[in-house]
Amino acid sequence: MIATTPHDIQRQIDTFGKRPSSGLHGKDFLLTWDKTREELEAILSIALILKAFRTSNISPRLWDSGLAVSQFRDNSTRTRFSFASACNLLGLTVADLDEGKSQIAHGETVRETANMISFMAEVIGIRDDMYIGKGHTYMLNVAEAVEQGFHDGVLEQRPTIVNLQCDIDHPTQSMADLLHLVTELGGIENLRGRKVAMSWAYSPSYGKPLSVPQGVIGLFTRFGMQVSLAYPEGYSLMPDVVAQARKFAASSGGSFHISSSMEEAFDGADVVYPKSWAPFAVMEERTKIVETGDAKALSELEKRCLANNANFKSWQCTESLMARTNDALYLHCLPADITGVSCAEGEVSAEVFDRFRTRLYRQAGYKPYVIAAMILASRISDPAARLSTILDRAESRTR
Amino acid sequence: MIATTPHDIQRQIDTFGKRPSSGLHGKDFLLTWDKTREELEAILSIALILKAFRTSNISPRLWDSGLAVSQFRDNSTRTRFSFASACNLLGLTVADLDEGKSQIAHGETVRETANMISFMAEVIGIRDDMYIGKGHTYMLNVAEAVEQGFHDGVLEQRPTIVNLQCDIDHPTQSMADLLHLVTELGGIENLRGRKVAMSWAYSPSYGKPLSVPQGVIGLFTRFGMQVSLAYPEGYSLMPDVVAQARKFAASSGGSFHISSSMEEAFDGADVVYPKSWAPFAVMEERTKIVETGDAKALSELEKRCLANNANFKSWQCTESLMARTNDALYLHCLPADITGVSCAEGEVSAEVFDRFRTRLYRQAGYKPYVIAAMILASRISDPAARLSTILDRAESRTR
Amino acid sequence: MIATTPHDIQRQIDTFGKRPSSGLHGKDFLLTWDKTREELEAILSIALILKAFRTSNISPRLWDSGLAVSQFRDNSTRTRFSFASACNLLGLTVADLDEGKSQIAHGETVRETANMISFMAEVIGIRDDMYIGKGHTYMLNVAEAVEQGFHDGVLEQRPTIVNLQCDIDHPTQSMADLLHLVTELGGIENLRGRKVAMSWAYSPSYGKPLSVPQGVIGLFTRFGMQVSLAYPEGYSLMPDVVAQARKFAASSGGSFHISSSMEEAFDGADVVYPKSWAPFAVMEERTKIVETGDAKALSELEKRCLANNANFKSWQCTESLMARTNDALYLHCLPADITGVSCAEGEVSAEVFDRFRTRLYRQAGYKPYVIAAMILASRISDPAARLSTILDRAESRTR
């Protein structure tokens, strides 16, 4: 899929340039379902072209100087480095807004801080995935603040917000997952009709965000896939996202089913994505408790939740389960809870994980390009024209 | 004020280039009162020209590679991002000297550390504002160390120290405030004769530095303004700075008065700057207590100080107070303690703050350019010639 | 030694280009004893040429964009800034892998993390010096992981691992020390026959790594020096490294002796390197205790070790000891424990330290260039040709 000659790269640029994706320009990337199918495919195309540039040692630098702001309200290794890589590739320097170091704790409003960090910012990447009803809302607040700041002449440019994982969606992850699928299956048209099992899996940890499974069902249903969501009783996702996925499946010629059986979901699947998450209801309860600051209640919730998880230890992706599939591709956003490796009993057996390790790493490797593509598509009014210019100028990344 | 054509930018460059400002070259920027009036105006001009470059998408990059060091011994959001933005604009990469991460706690002397971080540093930005008698002294020690290091052939260049707030002055703030005033009033000559009220205001917090009000009275008095400093009994500033302000007012044709009435200061004022600070005597006492490590004494001082503050809750900038002014411009260094928003009772009413919010954000937006101008003026021997070269080469900031 | 004309720089490039050093290309820099003498000398030459470029305001930038990853598992000021400086000089942006911020604590394996941070990484600098048997092993594991990742098509390039101090060696330090010696003695050929005293010295602290003395005896013995290692009973180094040093001394025409007398080591020495370290046996014991998590045992070990140290307070580098030397050059990796300055009794008297302070700072100043040379030699297939190109293009570092 990665073009290796200037001619092939140009052809890829021409192909995506013919389809409408101008709706991306000047817009944030918060939820994949806010974007049209053409726009999502444009992101994939730009990501592949940027990867081809890098392979061909062509620098796709867009800025001589410029700032990108990152704000991680939860831990991150891979997304942090993916964002840093994407920004570096385009010529932006990352400044991290570390709330421990800043005066945010001292009563600053979101509106004020958003403007204060944005005087020279082209993009703001935010991870805020811990609390239901908070993360996406926070991103909207930041977006509104910089929109207003730009309108009022406070900011010289209106920075693009990129969602690096919120409580609802994890678009840089799901789009990297999608690009991996496209590459593995030989083209986006080959996703149609394929069965994907997005299944809950057991983990000895608690409080894992819902945004990965939600991102997957909200995205894969758009390309005619047969999405089978499976989870034990009580582990449902946000109703709105489920409704959205159902609609997408209907309109794309795919399907969307929910079951309470991992086996059923895996039967005949072409793609499996077994992954733990916390129940929506528990996450909501947790958010409320955190707001009250009741440490005891929080600890009791955790205990109760872990005890409940333990009822479903059989929800593990093993080779015998894989045998029910249509020689399925195994996906995971990493890090996985691997039985006997990172924990006694977890989401996946070591055999399955090891068999797919290299492909999982490649899956993760698309994220920097997906993020760079999101930034480019938002900041540049005519991405195809600009990519052609970059190809023509052919500046080496190494000097 | 922001030139938008190459012709206008060139005219601005020519105008400031005619006046003597070569005293800035190779010098630190620690206190505004160490600089001549021409030098301060040169910084303002360079800042506006850099802003014009950015607006015109001209990259004012001065370095292909180079390091800037930041050291924040107190929290910071806006100054941290302003410094990062300024350095990025000029082509410098910021490396943060985080004392938690370094071996400074392990008995390194200031002299040694200053050299160890400076082998490739063009600039060192320092915030050290918590303790009376310490911050400015620390900056002088760092300056002396790198001066010696350069003299001894240890360093290939002598990095410029930029004061990002010390115990005495906050020049990047006061210069940004000044540039905002100049822009709002239509030119620096229009400051002459205008009345500015630099007034203490109530805050439910304790230990706010003196450097903002000191920076303001030490700078605004130089341009013929009628500076009225007001504070409750016991909240006096450093005597040396006050004496300096008095002298400046006399020689610039302005005036300087101290009163203990916010109303009196506001009467007929064209500009108001209501802002809380801790009494000089308390800050001195606190510094001594911190040195002894007596936690109990420190806690008692805080209690005593907060109780004393509470006697002056009426020192709040309200619309009724604003009505006494000559339709004054409200200034604040942010974040402000806003009554009913960030605290129950604070420095300013929400009505007044909201009315000025956009202008306050613009005021803050000058700081990156002021910092960049300070760096440029110190590192470049003939700033006007260099700015002309940048204008002529007209390299785009976007590539 | 630092060439100042293009002609002289070209001559230096030609000289080193004639000798074989292609073994550095594509290889990690973990231990100096893995490298040939020619390769080590090539690093020194490249370092001096890079320094000459900087002095001549020539930008040796190798990348338009690119990432360097740093991972500090122990505190660091000077090495952190040296690595940042080196990367910046070559055009790489440093992204720090801070295990506090990442999900490493959440059970990620080294293999996975190494790949996740390396999608766009040209170099990974690692400090991991606290535990015997761990640091070097960790670096080998990272190297193996990225080697595999590159082989599997996960990574587009195989990043170079640079050892920024492990449990065994500290090559960026010892190579900077060596370059300092070469400069001070007027050429690498002048090291032959010179006596160097690598001596233990008293410090009131505990747990200092062995890698500095080990790095020194493993490197200086390769250039025909007479290396005299001295330490009190019980403070021996790793037997393997000592055996290696003995072999190197024999084959280079130098010598290697161990004594338990600082005086004996200093007698007639041309170079002295008095420096504290923890006994190998204690460090091994500590590593085992840390693994069990027995805080009480750890505290008792520290007490015992400090008490034992205190028996050897006379092991201090004083002027009377220096008088026994052949007007020796005093070396230290810094920070030193200076008697009456950073501690009551320490490694060196203030008189000796002050007399060498400037030279010690210069010694430290070679580290950024040594690191940059290690990166360049590993990433560039024909360093001499590339350096000639850089010299010819003569791009200014300032723009």
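For clarity, every value in this text was computed on a predicted model and none was experimentally measured. (Residues numbered from 1 in each chain as written. Chains lettered and ligands numbered in written order. Predicted model: local features only at pLDDT ≥ 70, side-chain atom pairs only at ≥ 80, totals over all residues.)

**Brief notes about the confidence of the model for chain A**
Mean pLDDT over chain A stands at 94; residues scoring 70 or higher make up 98%. Scored as a complex, the prediction yields pTM 0.96 and ipTM 0.95. (pLDDT = per-residue confidence, 0-100.)

**Some remarks on the relation of the copies chain C and chain A**
In the superposition of chain C on chain A (RMSD 0.0 Å, axial shift 0.1 Å), the rotation amounts to 120°. What the superposition gives is, in effect, a three-fold axis relating one chain to the other. Within chain C, the C-alpha atom positioned nearest to the axis of rotation is that of Thr93 of chain C, 4.7 Å from it. When the interface residues of chain C are mapped onto chain A, a mere 11% of them again lie at the interface, so each copy presents a different face. (Least-squares fit on C-alpha atoms with pLDDT ≥ 70 in both. Contact = placed C-beta atoms within 7 Å.)

**A look at the sheet that holds strand S7 (residues 255-259) of chain A**
All names here are of chain A. The sheet built from 5 strands is open, its strands ordered S7-S6-S5-S8-S9 with parallel pairing. The open sheet terminates on both sides in strands that have one partner only, identified here as S7 and strand S9 (329-330). Pairing of strand S8 (residues 271-275) with S9, which is carried by 2 bridges, proceeds in the parallel orientation. The residue bridging Val272 from the neighbouring strand is Tyr330, located in S9. (Pairing = 2+ DSSP bridges. Helix = DSSP H or I, 4+ residues; strand = E, 2+ residues; numbered from the N terminus.)

**Thoughts on the domain arrangement of chain A**
Residues and elements named next belong to chain A. Looking at the assigned domains, one finds that chain A contains domain 1 (6-169 + 367-393) and domain 2 (173-364). Placing the centre of domain 1 and that of domain 2 at their C-alpha centroids yields a distance of 26 Å. At the level of elements, helix H2 (37-55), strand S4 (160-166) and helix H14 (367-379) are the ones that each hand at least two residues to the side of domain 1 that touches domain 2. Looking at the side of domain 1 that touches domain 2, the element that brings in the most residues is H2, giving 5 residues. Partitioned by chemical class, the residues of the side of domain 1 that touches domain 2 number 9 nonpolar, 3 polar and 8 charged. (Domains from an automatic or database assignment. Nonpolar A, V, L, I, M, F, W, Y, C, P; charged D, E, K, R; others polar.)

**So, the environment of Arg37 of chain C**
All names here are of chain C. Looking at where Arg37 falls in the secondary structure, it is placed in helix H2 (residues 37-55). Judged by C-beta crowding, with 15 C-beta atoms within 10 Å, Arg37 ranks as partly exposed. Placed 17 residues apart in sequence, Arg37 and Pro20 show a C-alpha to C-alpha distance of 9.8 Å. (Buried ≥ 20, exposed ≤ 12 C-beta atoms within 10 Å, placed from the backbone.)

**Topic: the interface of chain C and chain A**
Contact with chain C, which involves 28 residues of that partner, is made by 29 residues of chain A. Looking at the side of chain C that touches chain A, the elements with two or more residues in it are strand S2 (93-96) and helix H4 (110-116) of chain C. Grouping the amino acids of the side of chain C that touches chain A by side-chain chemistry returns 10 nonpolar, 11 polar and 7 charged.

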